[in-house]
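# Per-entry structural report
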Amino acid sequence: MTATRTPGMPFVEDGVLVSTSPATGAEAGRLPVADAAAVAAAVQRARDASAWWQSLGFDGRKARLLRWRTLLVQRIEELAALTHLETGKPVADAIVEASAAIEHTDWAARNAKRVLGHRRTRTRLLLAEHAGHVEYLPYGVVGVIGPWNYPILTPLGPTSGALMAGNTVVFKPSEYTPAVGQWLVDTFAEVVPEHPVLQAVHGLGDVGAALCRSGVDKVAFTGSTATAKKVMGACAENLIPVVLEAGGKDALIVDADADVDAAAEAAVWGSMTNSGQTCIGIERVYAVEPVYDRFVAAVVEKAGRLKLGADLGPITMPGQLDIIRRHIDDALARGGKALVGGADAVQPPGVAPTVLVDVPEDSAAVREETFGPTLTITRVADADEAVAKANAVPYGLGGAVFGKADAVRIARRLHAGMVAVNSTLSFVGMGNLPFGGVGDSGFGRIHGDDGLREFARPKAISVRRGPSPVPVMTFERSPAQISRLVKVLRLLYGRGS
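All values derive from a computational prediction rather than experimental measurement.

### Some words on the overall build of the protein chain
A tally of helices and strands in the protein chain yields 16 helices and 23 strands. Against the globule reference of 23 Å for 497 residues, the protein chain gives a C-alpha radius of gyration of 25 Å, in line with a compact fold. Over its C-alpha atoms, taken along the principal directions, the protein chain stretches across nearly 85 × 60 × 40 Å. A burial count over the protein chain gives 56% of its 497 residues as buried. For the protein chain, the exposed surface amounts to about 20700 Å²; the carbon and sulfur share of it is 55%. Charge centroids of the protein chain, computed over 51 positive and 52 negative side chains, lie 12 Å from each other.

Pasting the structure below:
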């Protein structure tokens, strides 16, 4: 690598995408760049493979995904080491990430038949002569566009759901983490060698755009809100449905009866893990007056112990350093105070932990996604004020509440797709819970029953079982039969209860 290359910044050389470590600049992988024709060819191979994959049924697909799950467990240290090299995150964090991905793969494999299997519906009196059936059919080929911050966990959620629903998958990893993406595809091919059920295509943003326009039947995207809009626009050209998990600006509310020390520990973890490069990371805290001072002191003590280079790795995407620096500088210039870190926190390739107080609510550090190890803490009078401030941003991905008597009620009032009570980020590790946002954080769900259903289209079938007691859906109906229909409607629905 030449001296002019920025460590961690991917580049294309002779048709090959080169990935490097943001910490050291060491090469992590070289993958061939796919042009539009290559993307289309991958999609066609996936379509050719889909009939075989669907023919395996839920049990056959389950057996293969469980074999993949076992292989991931057996080689988790290898995967973690590659993730550490390519993203810079500590190996321990990569193992935790992989463990959550393994959980989601296992859950999807074990539950797809229950969620997506054929079922009969209850017959309604008005059409008692008909039986109802629902089938869930795979879309065909699903495109998955993954992010760089969690290159194992995030793509494996939609990928495992799509595969178990009977789809084949073409995966476009982030250009910052193509080696991890290819490792996942290669290990899947070890347990499913017969057909290209899961493939990867590599390159920059134009490859993601080509995937959206390649004839796939659905796209699952994770990334920034700005890119999500581009993905949605490209898919809209051919009415391709999308699942979009975009940015976040998650808030933690600390109520008066919270365990303050536990809340502080969770706030530091939720904001600083993966160097703050977490879409569901806690970037804002609203602590009520009675516990504010104790909470701030505890956060300062815990965050002050974290070491850049040990507990916190580098910022994976070098360009993010400028955004983090701008947010910190703006907060300080507008009257905020740094109790940990501050103006000198940005130390390329990393950022030291930074805790800010007295930051105006209309500042960039409060309104915009920072994606770094920073945290703003704001004093509020009560939970009502905390909820109002937490909901005042356009994002609505996740959030958290610490408290006892009213914590769940407060959680229900947050404008977010997921909320953790007396923890942070925990919902992402639970395979049975849906994951996704509202507002500028996107729409659609991965994980859980709802996530499985995102990758299958429901098909309704009605079957006549006998003659109609009130035959009105025919041109041969009589006025007397219409009168009888009115009587039935009044009998069934006319009493207001």
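### A short note on helix 4 (residues 91-116)
Taking 1.5 Å per residue as the helical rise, helix 4 with its 26 residues ought to reach 38 Å, and the 36 Å between its terminal C-alpha atoms agrees with that figure. The largest bend in helix 4 is about 40°, located at Arg110.

### Here's the deal with a nonpolar patch on the surface
On the surface, Leu126, Leu127, Met473, Leu489 and Tyr493 cluster together to form a nonpolar patch covering roughly 500 Å² of accessible area. Structurally, Tyr493 can be placed in helix 16 (residues 479-493).

### Remarks on the packing of helix 9 (residues 260-272) against helix 10 (residues 289-303)
Where helix 9 meets helix 10, the axes come as close as 9 Å, and the angle between the chain directions of the two elements is 50°. By the angle between their axes, helix 9 is oblique relative to helix 10. When you trace helix 9 past helix 10, the crossing you get is right-handed. On helix 10, the residues that touch Val260, Asp261, Ala263, Ala264, Glu265, Ala267, Val268 and Met272 of helix 9 are Val291, Arg294, Phe295, Ala298, Val299, Lys302 and Ala303.

### Considerations on the layout of surface pockets
Space inside the largest pocket adds up to approximately 860 Å³. Considering the residues around the largest pocket, the lining is formed by 36 residues, among which Trp148, Phe221, Gly223, Ser224 and Thr227 are closest to the centre. Breaking the lining of the largest pocket down by element, the ones donating at least two residues are helix 7 (205-212), strand 9 (218-222), helix 8 (225-236) and helix 11 (320-333). When residues in the lining of the largest pocket are grouped by element, the largest group, six residues, is from helix 8. Taken together, the residues of the lining of the largest pocket break down into 18 nonpolar, 12 polar and six charged.

### Here we look at the environment of Phe475
Topologically, Phe475 is positioned in the loop between strand 23 (456-464) and helix 16. On the basis of relative accessible area, Phe475 is assigned to the exposed category, the value being 86%. Spatially, the C-alpha atom of Phe475 lies 48 Å from that of Ala108, the residues being 367 residues apart in sequence.

### Overview of the pairing of strand 12 (residues 282-288)
Note on strand geometry: in a regular strand, side chains alternate between the two faces of the sheet. Of all seven residues in strand 12, seven are buried; the element is thus mostly enclosed. Pairing of strand 11 (residues 250-254) with strand 12 involves five bridges; the strand directions are parallel. When the bridges of strand 12 are listed, Asp250 appears paired with Ile282. Running through helix 9, the crossover from strand 11 to the neighbouring parallel element strand 12 is right-handed. The pairing of strand 12 with strand 17 (residues 374-380) spans five bridges and is parallel. When the sheet's bridge partners are listed, Val285 is paired in strand 17 with Ile377.

### What to know about unusual backbone geometry
Negative phi values dominate among residues other than glycine, just as trans dominates among peptide bonds. Put simply, Pro348 and Pro349 share a cis peptide bond, and its omega is 10°. Topologically, Pro349 is positioned in the loop between strand 14 (346-347) and strand 15 (350-351). The phi dihedral of Asp14 is positive, around 55°, even though this residue is not glycine. Residue placement: Asp14 occurs in the loop between strand 1 (11-13) and strand 2 (16-20).

### Here we look at the packing of aromatic side chains
All told, the structure shown has six aromatic pairs when counted by the stated rule. With centroids separated by 6.2 Å and ring planes inclined at 70°, the aromatic side chains of Trp53 and Phe188 adopt a geometry described as edge-to-face. Residue Trp53 is found in helix 1 (residues 36-55), and its partner Phe188 is found in helix 6 (residues 178-191); the two are separated by 135 residues along the sequence. With respect to class, Trp53 is no different from Phe188; both count as buried. Measuring from ring centre to ring centre gives 5.6 Å for Trp148 and Phe371, while their planes differ by 85°; the resulting arrangement is edge-to-face. Of this pair, Trp148 sits in the loop between strand 6 (141-145) and helix 5 (153-164) while Phe371 sits in the loop between helix 12 (364-367) and strand 17, placing them 223 residues apart in sequence. Phe371 shares its class with Trp148; the two are buried. Every member of this aromatic cluster is reached through a ring pair, and the members are Trp52, Trp53, Trp68 and Phe188. Between Arg5 and the ring centre of Phe11, over which it is positioned, the NZ or CZ distance is 3.9 Å. Residue placement shows Lys89 over the ring face of Tyr150; its charged tip is 4.1 Å from the ring centre.

### Some words on the pattern of salt bridges
According to the stated counting rule, one finds 26 salt bridges in the structure shown. Lys113 is paired through a salt bridge with Asp59; the nearest N and O atoms lie 3.4 Å apart. Here the residue Lys113 occupies a position in helix 4, and Asp59 occupies one in helix 2 (residues 57-74), the gap between them amounting to 54 residues. A salt bridge links Lys249 to Glu283; its shortest N-O distance comes to 2.5 Å. Highlighted residues: Lys249 in the loop between strand 10 (242-245) and strand 11 and Glu283 in strand 12, separated in sequence by 34 residues. If you follow the salt bridges from partner to partner, you end up with Glu13, Glu27 and Arg30 in one network.

Calculation notes
Residues numbered from 1 in each chain as written. Predicted model: local features only at pLDDT ≥ 70, side-chain atom pairs only at ≥ 80, totals over all residues. Heavy atoms only, no water. Helix = DSSP H or I, 4+ residues; strand = E, 2+ residues; numbered from the N terminus. Rg over C-alpha atoms; globule rule 2.2 N^0.38 Å. Buried < 20%, exposed > 50% of the residue type's maximum accessible area, 1.4 Å probe, protein only. Areas by Shrake-Rupley, 256 points an atom, 1.4 Å probe, with all protein chains shown as cover. Lys, Arg positive; Asp, Glu negative; His and termini not counted. Charge placed at Lys NZ, Arg CZ, Asp CG, Glu CD. Expected span 1.5 Å × (residues − 1). Bend = angle between axes of the 7 residues up to and from the residue. Patch = residues over 30% accessible without salt bridge, like charges linked within 9 Å, V, L, I, M, F, W, Y side chains within 5 Å. Salt bridge = Lys/Arg side-chain N within 4 Å of Asp/Glu carboxyl O. Axes fitted to C-alpha atoms, helices over the stretch in contact; angles between N-to-C directions. Parallel < 35°, antiparallel > 145°, perpendicular 65-115°, else oblique. Left-handed = near helix turned anticlockwise from the far one by under 90°. Contact = heavy atoms within 4.5 Å. 1 Å grid on protein atoms, 1.4 Å probe; cavity = no way out; pocket = protein on both sides within 12 Å on 5 of 7 lines; lining within 4 Å. Points joined across faces, edges and corners; volume = space filled by probe spheres on them. Nonpolar A, V, L, I, M, F, W, Y, C, P; charged D, E, K, R; others polar. Pairing = 2+ DSSP bridges. Right-handed = clockwise from strand over helix to strand, strands pointing away. Phe/Tyr/Trp six-rings, centres within 6.5 Å; stacked < 30°, edge-to-face > 60°. Lys NZ or Arg CZ within 6 Å of the ring centre and 35° of its normal.

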